[in-house]
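Each chain, letter by letter, is given below.
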Amino acid sequence: QVQLVESGGGLVQPGGSLRLSCAASVNIFTFNVMGWYRQARGKQRELVATMTQGGTIHYVDSLKGRFTISRDSAKNTVYLQMNSLTPEDTAVYYCNGLQIILGRRNEYWGQGTQVTVSS
């Protein structure tokens, strides 16, 4: 059973930082791609950043320079470091993992972690 569990969300003041963690119940290299998405209230879920099995990273242009995705294979964990946070970053952040096995796509989501940026 594949599970992704996010943690690290919370309330932070504008300009502050948070690091989100996504712990996988399996070896993270079993995923072809892992990433972070977010969904603000009343809006659609949007991509934040992804990292492929080989380490290729993609960021949404608007977040480049403030957000950093990384991983620790020994802990089977993917991180999202978020700096210079603004109220517009307030959202539920979700971890995502995609496995492609014999042509079949298996996609997994965590339960989400709330990030609130407010003074």
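Preceding this paragraph is the structure being described.
Residues numbered from 1 in each chain as written. Predicted model: local features only at pLDDT ≥ 70, side-chain atom pairs only at ≥ 80, totals over all residues. Heavy atoms only, no water.

A. Up close: the overall build of the protein. The secondary structure content of the protein amounts to zero helices and 11 strands. When the elements of the protein are put in sequence order from the N terminus, they spell out β-β-β-β-β-β-β-β-β-β-β. Relative to the globule expectation of 14 Å for 119 residues, the C-alpha radius of gyration of the protein, 14 Å, shows essentially globular dimensions. Judged by the C-alpha coordinates and their principal axes, the protein covers about 50 × 25 × 25 Å. (Helix = DSSP H or I, 4+ residues; strand = E, 2+ residues; numbered from the N terminus. Rg over C-alpha atoms; globule rule 2.2 N^0.38 Å.)

B. Representation of the packing of aromatic side chains within the structure. For the coordinates displayed, the defined rule picks out three aromatic pairs. Look at Phe31 and Tyr108: their rings are 6.3 Å apart centre to centre, the planes differ by 80°, and that puts the pair in the edge-to-face class. Within this pair, whereas Phe31 is found in the loop between β3 (18–24) and β4 (33–39), its partner Tyr108 is found in strand β10 (residues 104–109), the two being separated by 77 residues in sequence. Classification of Phe31 as buried rests on a relative accessible area of 1%. With 5.0 Å between their ring centres and 65° between their planes, Tyr37 and Trp109 make a pair best called edge-to-face. (Phe/Tyr/Trp six-rings, centres within 6.5 Å; stacked < 30°, edge-to-face > 60°. Buried < 20%, exposed > 50% of the residue type's maximum accessible area, 1.4 Å probe, protein only.)

C. Looking closely at the nonpolar core. Trp36, Leu80, Met82 and Tyr93 are the most contacted members of the largest nonpolar core, which has 27 residues in total. Those elements giving two or more residues to this core turn out to be β3, β4, β5 (46–52), β7 (67–72), β8 (77–82), β9 (91–101) and β11 (113–117). For this core, the element with the highest residue contribution is β3, accounting for four residues. In contact with Met82, not counting residues within four places along its chain, are Gly16, Ser17, Leu18, Leu20, Arg66, Phe67, Tyr93 and Val115. (Core = buried A, V, L, I, M, F, W, Y, C linked by side-chain atoms within 4.5 Å. Contact = heavy atoms within 4.5 Å.)

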